[in-house]
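What follows is each chain in one-letter form.
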Amino acid sequence: MNNFIIPSIKKITNNKLISRIGEGIIATGIKVSGFSAIIFVLMIFYFLWSEGFAVVGEVPLRVLFSSRWYPVEGYYGILPLIGGSLLVTIGATLFAVPIGLSTAIYISEIAPRWVREVLKPVIEILAGLPSVVLGFIGILALAPMLRRTLNLPTGLTALTGSILLGAIAIPTIVSVAEDALDGVPRSYRDAALAIGATRWQTIWRVTLPAARSGVLTGIMLGIGRAIGETMTVMMVTGNAPIMVRGLSALFLPTRTMTATIAAEMGEVAKGSTHYHVLFMIGIILFMISLIVNVTASLLVFRTKKRADRILS
């Protein structure tokens, strides 16, 4: 009897030891992956800073933050580039958020099951569509249509870039927001309907607030993608560094920070003033993206904290 029990105990002990070792390796790998993401971000920022900080001693701040970008003659004003990026991003947000959120609500709450099974994969496929393809569509179809419809001198404007960037952001918003809405417990909807709420009242006052954190995350991810997009805006916005002066700038050519870096980095001499200014633009773009992501995290954290208080 003892000859049978003792080997079994040893086997169980060895299995537990192996399981603990495996769990320790997995936990260590997860920690290393988490810290490595932080380290990579810090390394990127250090690289940008080491190359871009030299511009402080080469270009006066009044020149750097002026309204004219013409590096050939020594004009390094980045305000038109910042204004162009913000203009196109805000326009894309105004275009993408209503459509993306409405589509997510339709898929999650209204569409029949067969429509949902077709529409959701199609939208996820659109999320992987190369931006250069959308740029070609913008040049060949959207820009001429806007030029004729709005009677503009050229269709390559900030409006064209905003619409295409919105089209790029919509799949991200729809996918994340729909998952958040689908994750709301069914009991929330049943309780709202049981007390006499209509279907639309249930969606707007119960389901959507309950999924607010996920919806905000999807919107911020869509905005973040719009800010960092390069090829599409470089192809359809006209690439003219014009200072933004009112809403009329939406119907004029513009140039974004990403398009400037992509178009000019390959032509500048390494270590030149122009080279350092482009890296400074990269630092500003990095900081804008960081602010958007931090703001999204704070909004999600506050929303979850408020929800926890209500539930408790």
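Residues numbered from 1 in each chain as written. Predicted model: local features only at pLDDT ≥ 70, side-chain atom pairs only at ≥ 80, totals over all residues. Heavy atoms only, no water.

Caption draft 1: Expanded view of the packing of aromatic side chains. Under the defined criterion, the tally for this structure stands at six aromatic pairs. Residues Phe-47 and Phe-279 carry aromatic rings whose centres are separated by 5.5 Å and whose planes lie at 80° to one another, so their mutual orientation is edge-to-face. Of the two residues, Phe-47 is situated in helix α1 (residues 2–52) and Phe-279 in helix α12 (residues 273–311); the sequence distance between them amounts to 232 residues. Residue class for Phe-279 comes out buried when judged on its relative accessible area of 9%. An angle of 75° between the planes, with centres 6.3 Å apart, marks the rings of Trp-69 and Tyr-76 as edge-to-face. Of the residues examined, Trp-69 reaches a relative accessible area of 5% and is grouped as buried. Overall, the relative accessible area of 11% leaves Tyr-76 in the buried class. The rings of Phe-45, Trp-49, Phe-53 and Phe-286 are connected pair by pair, giving a single aromatic cluster. The ring of Tyr-75 is capped by Arg-68, whose NZ or CZ atom sits 4.2 Å from the centre of that ring. (Phe/Tyr/Trp six-rings, centres within 6.5 Å; stacked < 30°, edge-to-face > 60°. Helix = DSSP H or I, 4+ residues; strand = E, 2+ residues; numbered from the N terminus. Buried < 20%, exposed > 50% of the residue type's maximum accessible area, 1.4 Å probe, protein only. Lys NZ or Arg CZ within 6 Å of the ring centre and 35° of its normal.)

Caption draft 2: Fine view of the pattern of salt bridges. On inspection of all chains with the given rule, the structure shows eight salt bridges. Of the charged contacts in the structure, one is a salt bridge between Glu-124 and Lys-120, with a shortest N-O distance of 3.7 Å. One end of the pair, Glu-124, and the other, Lys-120, are both in helix α4 (residues 113–127), four residues apart, so they sit about a helical turn from each other. Residues joined in a network through salt bridges with shared partners are Lys-120, Glu-124, Glu-178 and Asp-179. (Salt bridge = Lys/Arg side-chain N within 4 Å of Asp/Glu carboxyl O.)

Caption draft 3: The arrangement of the layout of surface pockets in detail. The computed volume of the second largest pocket comes to approximately 200 Å³. In terms of lining residues, the second largest pocket is bounded by Met-220, Leu-221, Gly-224, Arg-225, Gly-228, Gly-282, Leu-285, Phe-286, Ser-289, Val-292 and Asn-293. Contributions of two or more residues to the lining of the second largest pocket are made by α9 (212–228) and α12. In terms of residues, the lining of the second largest pocket owes the most to one element, α12, which gives six residues. Across the lining of the second largest pocket, the residue classes tally to five nonpolar, five polar and one charged. (1 Å grid on protein atoms, 1.4 Å probe; cavity = no way out; pocket = protein on both sides within 12 Å on 5 of 7 lines; lining within 4 Å. Points joined across faces, edges and corners; volume = space filled by probe spheres on them. Nonpolar A, V, L, I, M, F, W, Y, C, P; charged D, E, K, R; others polar.)

Caption draft 4: Structural context of empty space enclosed by the protein. Here the structure, examined in full by the defined rule, presents three cavities of 30 Å³ or more. Approximately 60 Å³ is the volume found for the largest cavity. Surrounding the largest cavity, Ser-85, Val-88, Thr-89, Leu-165, Ala-226, Ile-227, Glu-229, Val-233, Thr-256, Met-257, Thr-258 and Leu-285 form its lining. Contributing elements (two or more residues each) for the lining of the largest cavity: α3 (79–110), α9 and α11 (257–264). Ranked by the residues each element gives to the lining of the largest cavity, the list is headed by α3, at three residues. Across the lining of the largest cavity, the residue classes break down as seven nonpolar, four polar and one charged.

Caption draft 5: The arrangement of a nonpolar patch on the surface in detail. On the surface, a nonpolar cluster with roughly 590 Å² of combined accessible area is contributed by Val-132, Val-133, Phe-136, Ile-137, Ile-139, Leu-140 and Met-231. Among the elements that line the nonpolar patch, the one with the most residues is helix α5 (residues 131–150), at six residues. Relative to the assigned elements, Ile-137 resides in helix α5. Here Ile-137 falls in the partly exposed class, since its relative accessible area comes to 44%. (Patch = residues over 30% accessible without salt bridge, like charges linked within 9 Å, V, L, I, M, F, W, Y side chains within 5 Å. Areas by Shrake-Rupley, 256 points an atom, 1.4 Å probe, with all protein chains shown as cover.)

Caption draft 6: Broad picture of the packing of α3 against helix α8 (residues 199–210). Two elements in contact, α3 and α8, have axes whose closest approach is 12 Å; the angle formed by their N-to-C orientations is 110°. Regarding the angle of α3 to α8, the classification is roughly perpendicular. Every pair of crossing elements has a handedness; the one defined by α3 and α8 is right-handed. On α8, the residues touching Leu-101, Ile-105, Glu-109 and Ile-110 of α3 are Arg-199, Trp-200, Ile-203, Trp-204, Thr-207 and Leu-208. (Axes fitted to C-alpha atoms, helices over the stretch in contact; angles between N-to-C directions. Parallel < 35°, antiparallel > 145°, perpendicular 65-115°, else oblique. Left-handed = near helix turned anticlockwise from the far one by under 90°. Contact = heavy atoms within 4.5 Å.)

Caption draft 7: Layout of the side chain of Arg-255. In this fold, Arg-255 is placed in the loop between α10 (231–236) and α11. Judged by its relative accessible area of 12%, Arg-255 falls in the buried class. Of the polar contacts made by the side chain of Arg-255, one reaches the side chain of Glu-264; its length is 2.6 Å. Residues contacting Arg-255, with those up to four places away along its chain left out, are Trp-69, Pro-80, Leu-81, Gly-84, Ser-85, Asn-239, Ala-240, Pro-241, Thr-260 and Glu-264. (Polar contact = N/O pair within 3.5 Å; in protein donor to acceptor, adjacent residues only side chain to side chain.)

Shape is all these values report; function is a separate question.
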